[in-house]
Structure formats: C-alpha cells, structure tokens
Amino acid sequence: YTSVPNIMKVIGPLFLDELHEEFDKAQDSDTRLRKLLYRIHNLHIFDPACGSGNFLIITYKELRRLEMTILKQFNELPISGIRLDHFHGIEIDDFAHETAKLSMWLAEHQMNREFEEVMGRTVPSLPLVAACDVVARNACRMDWRKIIPVDSEVFLLGNPPYVGYSLQTVDQRLDMSTAINGDWIGIADY
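Here the residue index of a chain counts from 1 through its sequence in written order. Side-chain atom pairs in this predicted model are given and counted only at pLDDT of 80 or more, local residue features only at pLDDT of at least 70, and totals for whole chains, interfaces and linings cover all residues. Note that water and hydrogens are dropped before the side-chain values are worked out from all heavy atoms of the structure.

**So, the pattern of salt bridges**
One side-chain nitrogen of Lys or Arg within 4 Å of one carboxyl oxygen of Asp or Glu is enough to make a salt bridge. For the structure shown, the criterion picks out eight salt bridges. Glu62 is paired through a salt bridge with Arg65; the nearest N and O atoms lie 3.5 Å apart. Of the two residues, Glu62 and Arg65 are both situated in helix H3 (residues 54-71); the distance of three residues between them amounts to about one turn of the helix. Glu114 is paired through a salt bridge with Arg65; the nearest N and O atoms lie 3.0 Å apart. Linking Glu114 in helix H4 (residues 94-119) with Arg65 in helix H3, this pair joins segments that are 49 residues apart in sequence. Accessibility expressed as a relative area gives 25% for Glu114, which makes it partly exposed. Here the salt bridges share partners, and the residues they tie into one network are Glu18, Glu22, Arg39 and Glu153. We count a stretch as a helix when DSSP gives it H or I for four or more residues in a row; a strand needs E for two or more, and each element gets its number in order from the N terminus. Think of it in three bands: residues with accessible area under 20% of the maximum for their type are buried, residues over 50% are exposed, and the middle band is partly exposed, with areas taken using a 1.4 Å probe on protein chains only.

**Quick look at the sheet that holds strand E4 (residues 154-156)**
Overall, parallel pairing links the four strands, which are arranged E3-E2-E1-E4 in an open sheet. Strands with a single pairing partner mark the edges of an open sheet, and in this sheet they are strand E3 (133-136) and E4. Each adjacent strand pair in this sheet contributes to an overall mean axis angle of 15 degrees, direction not counted. Only when DSSP finds a minimum of two bridges between them are two strands counted as paired. The pairing of strand E1 (residues 44-47) with E4 spans three bridges and is classified as parallel. Each bridged residue has a counterpart across the sheet, and for Phe46 the counterpart in E4 is Leu156. For helices, the fitted axis covers only the stretch in contact; all axes are lines through C-alpha atoms, and the angles between them, taken along N-to-C directions, range from 0 to 180 degrees.

**Quick notes on helix H2 (residues 30-42)**
Expected span, for any helix, means 1.5 Å times one less than how many residues it has. Compared with an ideal rise of 1.5 Å per residue, which puts 13 residues at 18 Å, H2 spans 18 Å between its outermost C-alpha atoms and is within 8% of the ideal. When H2 is considered as a whole, its buried residues turn out to be Leu33, Leu36, Leu37, Arg39, Ile40 and His41. Pairs of residues are marked as contacts when any of their non-hydrogen atoms sit within 4.5 Å. Check the buried side of H2 and you find it contacts helix H1 (4-26), H3 and E4.

**Here we look at the confidence of the model for the chain**
Values of pLDDT, which run from 0 to 100, indicate the predictor's confidence residue by residue. In this model, the chain carries a mean pLDDT of 85, and residues with pLDDT of at least 70 account for 84%. The secondary structure element of the chain with the lowest average pLDDT is helix H5 (residues 170-181), at 70, and the one with the highest is H3, at 96. In the predicted structure, residues 184-190 sits below a pLDDT of 50 and forms 13 contacts with residues beyond four places in sequence or in another chain.

**Observations concerning the environment of Arg145**
For Arg145, the location among the structural elements is in the loop between E3 and E4. Whenever two N or O atoms come within 3.5 Å, that pair is a polar contact, provided that in protein one can donate a hydrogen and the other can accept it, and provided that, for residues adjacent in sequence, both atoms are side-chain atoms. A polar contact is formed between the side chain of Arg145 and the side chain of Asp143, at a distance of 2.9 Å.

**With respect to the packing of aromatic side chains**
To describe a pair of aromatic rings, one takes the distance between the centres and the angle between the planes. The aromatic pairing rule takes the rings of Phe, Tyr and Trp, using the six-membered ring of Trp, and pairs them if the centres are within 6.5 Å, calling planes under 30 degrees apart stacked, those over 60 edge-to-face and the rest tilted. For the structure shown, the criterion picks out three aromatic pairs. Ring centres of Phe46 and Trp144 lie 5.2 Å apart, and the angle between their planes is 70 degrees; on these two criteria the pair is classed as edge-to-face. Taken together, the positions of Phe46 in strand E1 and Trp144 in the loop between E3 and E4 put the pair 98 residues apart, joining distant regions of the chain. You can call Phe46 buried: its relative accessible area is 0%. Here, over-ring charges are defined by two tests on the NZ atom of lysine or the CZ atom of arginine: distance to the ring centre within 6 Å, and angle to the ring normal within 35 degrees. Against the face of Phe74 rests Arg34, its NZ or CZ located 4.1 Å from the ring centre.

**Focus: the nonpolar core**
By size, the foremost hydrophobic cluster in this structure holds 38 residues, and its most contacted members are Phe15, Leu63, Ile70 and Phe87. Breaking this core down by element, the ones donating at least two residues are H1, H2, H3 and H4. For this core, the element with the most residues is H3, which contributes 10 residues. Contact partners of Ile70, with chain neighbours within four places excluded, come to Phe23, Leu33, Leu36, Leu37 and Ile40. The next biggest cluster of nonpolar side chains, apart from the first, holds seven residues, and it includes Ile90, Val135, Ala139 and Ile148. To define a nonpolar core, start from buried Ala, Val, Leu, Ile, Met, Phe, Trp, Tyr and Cys residues and group those joined through side-chain atoms within 4.5 Å.

Below, the structure is given as structure tokens:
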C-alpha cells in the first residue's frame, strides 16, 4: 500500500504537473482547452504491480478533477470522457487483482457523484459497463504490450514490490532474470 501523498510525489512530476501547466496556458483558448481534453481522454495509465490499485485510483481521481476544471470553462452540457478501460494493471495476487477492479468501479462512482455536484449532471454508474483492465498474472513473465496499447500515450507508474536478494525465492530470482533480460518481450524486436 502506497499513501496518497507518496502517490502524488510520483504522478505529479511524471505527468500531472505538466497537464496542469498546459491548462494554465490554455485558459484563454477553447481550441487549446479542447486539445488538452482530447489528450487527457486518450491517456493510458499502467501499473505493472498494482496491488489493490491505489496508484490507478488516485490517478483516475486526479485526472477526473482536472477534467472538471477544464469543462467548467465551456458553456455546454458536460460529460466525462475519462474511461476506466484506459487504466491498466497487472497483479499476481488474485484477491488484490479483484480488489483493484472493484476499487476502480467505486472510484468511478465517487467521481461521478463529485462530477454531478460540480457540473450539475453525470452519467449513471450503473449498470457497470467499462472496467479497468487489471489482469491476474505475473508481470515479470508476460508481454505488457498485450494489455496496453503501444500506439497511445501511456504512463507507467507504481511502486513495485521488492524483496532483497538474500530473501528472494528461486522463483523470484528467475522472475528478475527474465524481466532484466527481456526474454518475455523479445527485447531485440521491441
């Protein structure tokens, strides 16, 4: 589990601060604001060791809040364009994997409520349609390109688990070797 302040220390410098700066510079131009919205709506966020999804949840909420700030600039009925299926994760533990998916639906519901308070309307959370793309696998042994689009703007973030070498199991050492050598992605072809 990574705390919200520590998550913000990662996502701020990685991309969120830049998006806020773009907003500050674009406030006087509907065209630039719409370009920024388009960019935000097409971002993909990926955490290859997502646990119960805290990095994905906080990033989703922060992007929705920025989107609301931008949408307030327009005199039209707003609707959110940030989609759960643009949030991707890999988690080896099945319970944490299921928790991450459920937590993202809860985050969407919370943000839809906040969106309604700020913007006056929202899309209903039910029925559940889109889901975040969290798979229950070993991230060290799979080709990440199978779950994230390689032709999109993707931000890789998270806090990978770490066990010191002397405490690693044989399988964990094999995972590290596989990941470092790039055996699972054919790194020469990447």
